[in-house]
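Per-entry structural report
Chain by chain, the residues run as shown.
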Amino acid sequence: MSKINLIASLVSDDENLNIETIGIKTKNKIIYKENNISVTILLFNNKIEMNRVCNEYKINLIFENNKKTMSAYSLFGVPKVFELETFTKNLIQEKSEITIIYELEGNIFSYNLKLGG
């Protein structure tokens, strides 16, 4: 487990977030804070799972290149879990960068994570 410098961006029609932070990286996991949101990314050969948790909600996003997946969204205090159809248009995993372009419930998102030393 090692600390790592990260630059994350999340862009959509409604959002334009850019953040520089320090995270923790293990062999197949990256953990960092994005303002008040805890982000955990699990890396697999052809798939990425991203968990985003804050005091209002939890969302588990599943990305597979050029595939539709079902992601789970839940609001704290509400017993129902909502399934969200996620279509991954582009998924690129490199040693020092991750890029995901995806469609979630009709909205296009572009996520990029640069991993530093």
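Here goes a summary of the coordinates provided. (Residues numbered from 1 in each chain as written. Predicted model: local features only at pLDDT ≥ 70, side-chain atom pairs only at ≥ 80, totals over all residues. Heavy atoms only, no water.)

The next subject is the sheet that holds strand β1 (residues 2-11). Strand order around the closed barrel formed by ten strands is β1-β2-β3-β4-β5-β6-β7-β8-β9-β10, with antiparallel pairing between neighbours. Strand after strand, the sheet turns through a mean of 25° between neighbouring axes, direction not considered. With six bridges joining them, strand β4 (residues 37-43) and strand β5 (residues 47-53) adopt antiparallel strand pairing. Bridge pairing links L42 to E49 in β5. (Pairing = 2+ DSSP bridges. Helix = DSSP H or I, 4+ residues; strand = E, 2+ residues; numbered from the N terminus. Axes fitted to C-alpha atoms, helices over the stretch in contact; angles between N-to-C directions.)

What follows is about the side chain of E49. Within the secondary structure, E49 sits in strand β5. Among the residues examined, E49 registers a relative accessible area of 16% and is labelled buried. Leave out the neighbours within four places in its chain, and E49 touches T40, I41, L42, F44, N60, L61 and I62. (Buried < 20%, exposed > 50% of the residue type's maximum accessible area, 1.4 Å probe, protein only. Contact = heavy atoms within 4.5 Å.)

Here we come to a nonpolar patch on the surface. A grouping of M1, I24 and I31 is seen on the molecular surface, where their side chains present a nonpolar patch of about 310 Å² in accessible area. For I24, the position within the fold is in strand β2 (residues 16-25). On the basis of relative accessible area, I24 is assigned to the partly exposed category, the value being 31%. (Patch = residues over 30% accessible without salt bridge, like charges linked within 9 Å, V, L, I, M, F, W, Y side chains within 5 Å. Areas by Shrake-Rupley, 256 points an atom, 1.4 Å probe, with all protein chains shown as cover. Salt bridge = Lys/Arg side-chain N within 4 Å of Asp/Glu carboxyl O.)

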